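# Structure assessment
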Amino acid sequence: MLQNKILKSVLALLIMFTCLSGCSKQETKVDPKGMSYFDFFDTVSFIYSYTNDDMETFQKKCDKVADILEQYHKYFDIYYEYEGVNNLYTLNANAGIKAVEMDDELIEFLLKAKELYYLTNGKTNVMLGAVTKLWHDERTAATNNKADAKLPDFNLLSEANKHVDIDLLVIDKENKTAFISDPEARIDVGAYGKGYAAERAAEYLYDIKAYGYVLNIGGNIRTIGSKMDGSAWTTGIKDPADLNRFALRINIKDIACVTSGVYERYYTVDGKKYHHIVDPLTLYPAEYFDSVSILTKDSGLADGLSTAFACMSYEEGMKLADTLGVDVIWIFKDGTVKYTPNVENLIIGG
Ligand code: ADP
Ligand code: MG
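So, here is what we can say about the structure in this document. Since the structure is predicted, the reported quantities are computational estimates derived from the model, not experimental observations. (Residues numbered from 1 in each chain as written. Chains lettered and ligands numbered in written order. Predicted model: local features only at pLDDT ≥ 70, side-chain atom pairs only at ≥ 80, totals over all residues. Heavy atoms only, no water.)

### Some details on the coordination of the magnesium ion (ligand 2)
Ideal geometry at a metal centre gives angles of 109.5 degrees when four donors are arranged tetrahedrally and 90 or 180 degrees when six donors are arranged octahedrally. Every protein donor of the magnesium ion (ligand 2) is accounted for by Ala191 (O), Asp303 (O), Asp303 (OD) and Thr307 (OG1), and the metal-donor separations fall at 2.2 to 2.5 Å. Of note, the donors binding the magnesium ion (ligand 2) are all from one chain and are spaced A-x111-D-x3-T. Of this pair, Asp303 and Thr307 both sit in helix α9 (residues 299-310), four residues apart, which is roughly one turn of the helix. Classification of Asp303 as buried rests on a relative accessible area of 5%. (Donors = N, O, S within 2.8 Å, 3.2 Å for Na, K, Ca; no water. Helix = DSSP H or I, 4+ residues; strand = E, 2+ residues; numbered from the N terminus. Buried < 20%, exposed > 50% of the residue type's maximum accessible area, 1.4 Å probe, protein only.)

### What about helix α3 (residues 55-76)?
Over its 22 residues, α3 extends 31 Å from the first C-alpha to the last, a length consistent with the 32 Å expected when each residue adds 1.5 Å. Its side-chain oxygen 3.1 Å from the backbone nitrogen of Glu56, Asp54 forms the N-cap of α3. (Expected span 1.5 Å × (residues − 1). Polar contact = N/O pair within 3.5 Å; in protein donor to acceptor, adjacent residues only side chain to side chain.)

### A look at the sheet that holds strand β9 (residues 233-239)
The strand order across the open sheet built from three strands is β9-β10-β17, with neighbouring strands paired in antiparallel fashion. Bordering the open sheet on either side are β9 and β17 (347-348), each of which pairs with just one other strand. Pairing analysis gives two bridges linking strand β10 (residues 242-252) to β17, with the strands arranged antiparallel. Paired with Ile250 across the two strands is Ile347, which belongs to β17. (Pairing = 2+ DSSP bridges.)

### A look at the side chain of Lys61
For Lys61, the position within the fold is in helix α3. Reaching out from Lys61, the side chain makes a polar contact with the side chain of Asp53 at a distance of 2.8 Å. Sequence-distant contacts of Lys61, defined by excluding residues within four places in its chain, comprise Asp53, Tyr204, Ile208, Ala210 and Tyr213. (Contact = heavy atoms within 4.5 Å.)

### Section: the layout of surface pockets
Taken as a whole, the second largest pocket encloses approximately 300 Å³ of empty space. If you trace the second largest pocket, you find 15 residues lining it, with Val262, Lys273, His275, Asp290 and Lys333 closest to the centre. Partitioned by chemical class, the residues of the lining of the second largest pocket number nine nonpolar, one polar and five charged. (1 Å grid on protein atoms, 1.4 Å probe; cavity = no way out; pocket = protein on both sides within 12 Å on 5 of 7 lines; lining within 4 Å. Points joined across faces, edges and corners; volume = space filled by probe spheres on them. Nonpolar A, V, L, I, M, F, W, Y, C, P; charged D, E, K, R; others polar.)

### Description of the packing of aromatic side chains
Considering all chains together, one arrives at 24 aromatic pairs under this definition. For the ring pair Tyr117 and Tyr118, a centre distance of 5.1 Å and an interplane angle of 85° mean the geometry is edge-to-face. On the basis of an interplanar angle of 80° and a centroid distance of 4.8 Å, the ring pair of Tyr314 and Trp330 is categorised as edge-to-face. Pair noted here: Tyr314 is in helix α10 (residues 314-324) and Trp330 is in strand β15 (residues 327-332), with a separation of 16 residues, a long-range link. Each member of the pair, Tyr314 as well as Trp330, carries the same accessibility label: buried. Taking NZ or CZ as reference, Lys64 lies 5.9 Å from the ring centre of Tyr204, over its face. (Phe/Tyr/Trp six-rings, centres within 6.5 Å; stacked < 30°, edge-to-face > 60°. Lys NZ or Arg CZ within 6 Å of the ring centre and 35° of its normal.)

Quick look at the structure:
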């Protein structure tokens, strides 16, 4: 069982969250704790406590957060099925065949995923799975053997693109079923699932008033409350040109900060990098920026939007950010950094 595989370790806190310059003396009295997990969403997850929770209390809260992440990990998995649960693997396996019964939590998520499509003018489309699979398969083949590195056949991409309509995902709220009505269509929630799951974990922490906690799910940050003295945490937006440094450091509290970067997952063909965010218009990796970060309370929304904003121009993104009331940081291919006006208030000295 997954639970048994979970590798955990208490960590010294990473430099990712450094004490603010000039942070109060009160801060030093707190004994911050960190816990890491390696089995969710194909990435590393960290839970940090900046409270006076003793080790046992911290551990209990971490266990509950891990349970939530594990549950959503199982729901969203498109590569494996798990006993006793219909997940997205089951949904894909039954594409064009039959509707699948699902837990309320998964139905709720799928409804939100469809909303996200409309919110982003179709840029984040969880039904793009037939297309993303072609890229994923080539990336995996290239990772296993560099000599195999090649691009997916454009005819195959175009053919797959005939099976990406969001309406192919049919959700029956009353009967709690979902159905993919086209046998060639596939769901892929890589753009949205991690952040959504993190938000469900954040919800739990708010419910038990665990203010002063920070979740870092594969680089998706969700801060719950503030530090005990009311101050913010500092997080860094990586410089895509040099991943060992930050392009920008910002103060955040009670908010999510999620980045989609071209450096996260990619492979190389003829010296050119092909990353994992697919522009639904070109069916190729999005070419606009090196990274886009979204700052907004809901980490699910932040995750869903980070992918969408990576697939639209700065001008289009500015308009959408204004409509949705979210903050955005764009890092262009030439290293230029731009952001929505409010970000100015969050930036701390370089
Ligand atoms: P990460 O998973 O590194 O945080 P993203 O949140 O941007 O990055 O999600 C990228 C993943 O989402 C890809 O690996 C792929 O599975 C899927 N994907 C890529 N492009 C799109 C898109 N335009 N719409 C929906 N899903 C996408
Ligand atoms: Mg995303």
